Amino acid sequence: MTNVQPVKRIALFGSTGSIGRQALEVIAANADKFTVAVLTAQNSEDLLIKQALQFNPDIVVIGDEKKYNKVKDALSSTLIKVFAGEKALEETAALDVYDIMLAGIVGFAGLKPTIKAVENGKAIALANKETLVVAGDIVMNKAVEKIAPIIPVDSEHSAIFQCLVGETRNRIEKIILTASGGPFLGKKPNFLVNVKRDHALQHPNWKMGAKITVDSATLMNKGLEMIEAKWLFNLDPEQVKVVIHPQSIIHSMIQFEDGSIKAQMGLPDMKLPIQYALGFPKRIANKFPRYDFKKPSTLTFEEPDVKTFRNLLLATDALYKGGNLPCILNAANEIAVYAFLHNRIGFLDMTDLIEKTMQYVTFIKQPSLEEYFDSDAEARNFAASLIKL
Ligand code: MN3
């Protein structure tokens, strides 16, 4: 046979989360194209062990060091190397045992291993948007220097990425990120004040992890995605727009300087952007359900209600001001979502917590990586101090 593609070795960072599990489905369905080199998980040792026995990676890392012995024992009859702890995640990312890192660790915790993979010159299938929200300038500069391709997995950014194929010399007028609006679209503060955890976890279109599902309900997810897009596609803040599109069929759009708009469409299923990122530049045939134009087919668009969902304004502020403000926004948001998920604060309190933290932590225009870590820690401490824990 001619044009045989080499098998790509995948390092799955965050293999037991929603993205990680769906990535393994894609990999299992394409065993001729992908092998699993690395699996990592923070806490879910039982699932990690099960995945390791099924996919037989070279290396497994369990984040929680207390669980090392259990994982080690369970895999003792295999040749799989087992490590534990945060340092082991970074050291594994620096190894040459893989071709693509799927960065699926949730939140700030994903930043360090992802930076190590970039420094290692590896391709990154980026599902961890916080990496770019927190330190986008540093990560993208390193990626250029090391020629490490960053391929977005986030569905909106995958859409923009797909629309950009063949357009490298053409100027973008603006990008339009679509937002489903989440479960509380059309609701007002008098309703939202009473919203509880379980209600916020019911997303109408997308099946996702708890943190991102709450972020979708508050629209913070779209705010983080605006900042992510700015770095991924080298845009000015004015070029990044958001439109509410409740059906989640158009995953995002680019308007070029001739006024022409390209959109990428499909059913909302994260396996598609995951597969695209792993297979890039080749598309891979699959049997996923197709959009049926004969069935629902009314696609609607509206402006986001930023008076009610003020997180989007806070994120826009961070997008425009830059510096360490997106890092502070992200840290405060992680604390706020954690507190909300544990029924410690209400739905609307999350925005107040983030706003106060953004006002409190000292602004730095061009932070070093160390200063990003310091700002993150300071923002977390302050945000936590506002909650009676
Ligand atoms: Mn998204």
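For clarity, every value in this text was computed on a predicted model and none was experimentally measured.

Rules and cut-offs
- Here the residue index of a chain counts from 1 through its sequence in written order.
- pLDDT decides what is reported in this predicted model: residues at 70 or higher carry local features, side-chain atom pairs at 80 or more are listed and counted, and totals for whole chains, interfaces and linings draw on all residues regardless.
- Hydrogens and water are ignored here; the side-chain numbers use all heavy atoms of the structure.
- Here the rule is simple: two strands pair whenever DSSP picks up at least two bridges between them.
- Helical segments are the DSSP runs of H or I of at least four residues, strand segments are the runs of E of at least two, and each set is numbered from the N terminus.
- Axis lines are fitted through C-alpha atoms, for helices just across the contact stretch, and the angle between N-to-C directions can take any value from 0 to 180 degrees.
- Contact criterion: two residues are considered in contact whenever any of their non-hydrogen atoms come within 4.5 Å of each other.
- Reported domain spans reflect what an automatic or database domain assignment gives.
- In this description, buried area is defined as the sum, over both parts, of the accessible area (probe of 1.4 Å) that is lost when the two are combined.
- Salt bridge, as used here: a side-chain nitrogen of Lys or Arg that lies within 4 Å of a carboxyl oxygen of Asp or Glu.
- N or O atoms within 3.5 Å of each other form a polar contact, as long as, within protein, one can give a hydrogen and the other can take it, and as long as residues adjacent in sequence are counted only when both atoms are side-chain atoms.
- Only Asp, Glu, Lys and Arg are considered charged, only Ala, Val, Leu, Ile, Met, Phe, Trp, Tyr, Cys and Pro nonpolar, and every remaining residue, Gly among them, polar.
- Type-normalised accessible area, obtained with a 1.4 Å probe on protein chains alone, sets the label of each residue: buried when under 20%, exposed when over 50%, and partly exposed for intermediate values.
- An expected span of 1.5 Å times one less than the residue number is assigned to each helix.
- By convention, orient the strands away from the viewer: a clockwise path from the first strand over the helix to the second makes the crossover right-handed.
- Only protein atoms enter the 1 Å grid used here, on which a cavity is any set of points holding a 1.4 Å probe that cannot leave and a pocket is any open set flanked by protein within 12 Å on both sides along at least five of seven lines; residues with an atom within 4 Å of a point are listed as lining.
- Grid points are joined across faces, edges and corners, and a volume is the space filled by probe spheres set on the points.

## Comments concerning the sheet that holds strand β8 (residues 172-179)
Picture the strands of a sheet paired through backbone hydrogen bonds; they go either parallel or antiparallel.
Point 1. With mixed pairing, the four strands of this open sheet are ordered in space as β9-β8-β10-β11. Each edge of the sheet is formed by a strand with only one pairing partner; in this case those strands are β9 (240-244) and β11 (261-265). Going across the sheet, the axis of each strand differs from the next one's by a mean of 20 degrees, ignoring polarity.
Point 2. Taken together, the five bridges between β8 and strand β10 (residues 250-256) define a ladder with antiparallel strand orientation. Bridge pairing in β10 places K174 opposite Q255.
Point 3. Against the sheet, helix α11 (residues 220-232) engages β8 and β9, with an angle of about 155 degrees to β8.

## Some words on the side chain of H157
Point 1. Along the polypeptide, H157 turns up in helix α7 (residues 155-164).
Point 2. Every residue in contact with H157, bar those within four places of it in the chain, is listed here: P152, E225, E228, A229, L232 and F233.

## Here we look at the sheet that holds strand β2 (residues 34-41)
Point 1. If you walk across this open sheet you meet the seven strands as β4-β3-β2-β1-β5-β6-β7, and the pairing is parallel. Strands at the two margins of the open sheet, each flanked by one partner only, are β4 (81-84) and β7 (150-152). Adjacent strand axes in the sheet meet at a mean angle of 20 degrees when their direction is disregarded.

## A look at the domain arrangement of the protein
Point 1. Splitting the protein by domain gives domain 1 (8-152), domain 2 (163-268 + 293-313) and domain 3 (322-389).
Point 2. On the side of domain 2, 13 residues touch domain 1, which itself brings 13 residues to the contact.
Point 3. With both sides pooled, the region where domain 1 packs onto domain 2 buries about 1000 Å², and carbon together with sulfur makes up 70% of that total.
Point 4. Across the contact surface, domain 1 and domain 2 share two salt bridges.
Point 5. Among the salt bridges present, the one from K129 reaches E225, with a minimum N-O distance of 2.9 Å.
Point 6. Where domain 1 packs against domain 2, one counts three residue pairs in polar contact (both at pLDDT 80 or more).
Point 7. Of all the elements in the fold, those that place two or more residues in the side of domain 1 that touches domain 2 are α1 (18-29), α6 (130-145) and β7.
Point 8. Tallying contributions element by element places α6 first for the side of domain 1 that touches domain 2, with six residues.
Point 9. The class makeup of the residues in the side of domain 1 that touches domain 2 is seven nonpolar, three polar and three charged.

## Side note on the side chain of Q264
Point 1. Relative to the helices and strands, Q264 is located in strand β11.
Point 2. Look at Q264 and you get buried, because its relative accessible area is 12%.
Point 3. Those residues in contact with Q264 that lie beyond four places of it in its chain are A159, Q162, C163, I249, I250, H251 and S252.

## Here we look at α1
Point 1. Across its twelve residues, α1 extends 17 Å between first and last C-alpha, which sits within 8% of the 16 Å expected from 1.5 Å per residue.
Point 2. Buried within α1 we find S18, I19, G20, Q22, A23, L24, V26 and I27.
Point 3. Where α1 is buried, its residues meet β1 (8-13), β2, α2 (45-55), β5 (100-103) and α12 (271-279).

## Quick notes on the pairing of β2
Along any regular strand, the residues point their side chains to alternate faces of the sheet.
Point 1. Counting buried residues along β2, seven of its eight residues qualify, which places the element largely inside the surrounding structure.
Point 2. Since β1 and β2 lie parallel, the crossover through α1 that links them has a hand, and here it is right-handed.
Point 3. In the classification by handedness, the crossover that spans β2, the intervening α2 and the parallel strand β3 (residues 59-62) is right-handed.

## Observations concerning empty space enclosed by the protein
Point 1. Applying the stated rule across the entire model yields two cavities of 30 Å³ or more.
Point 2. Each pocket or cavity is described by its volume, and for the largest cavity that value is around 60 Å³.
Point 3. Surrounding the largest cavity, S155, S158, Q162, W206, H251, Q264, L267, D269, L272 and P273 form its lining.
Point 4. The greatest single-element share of the lining of the largest cavity, amounting to three residues, is contributed by α7.

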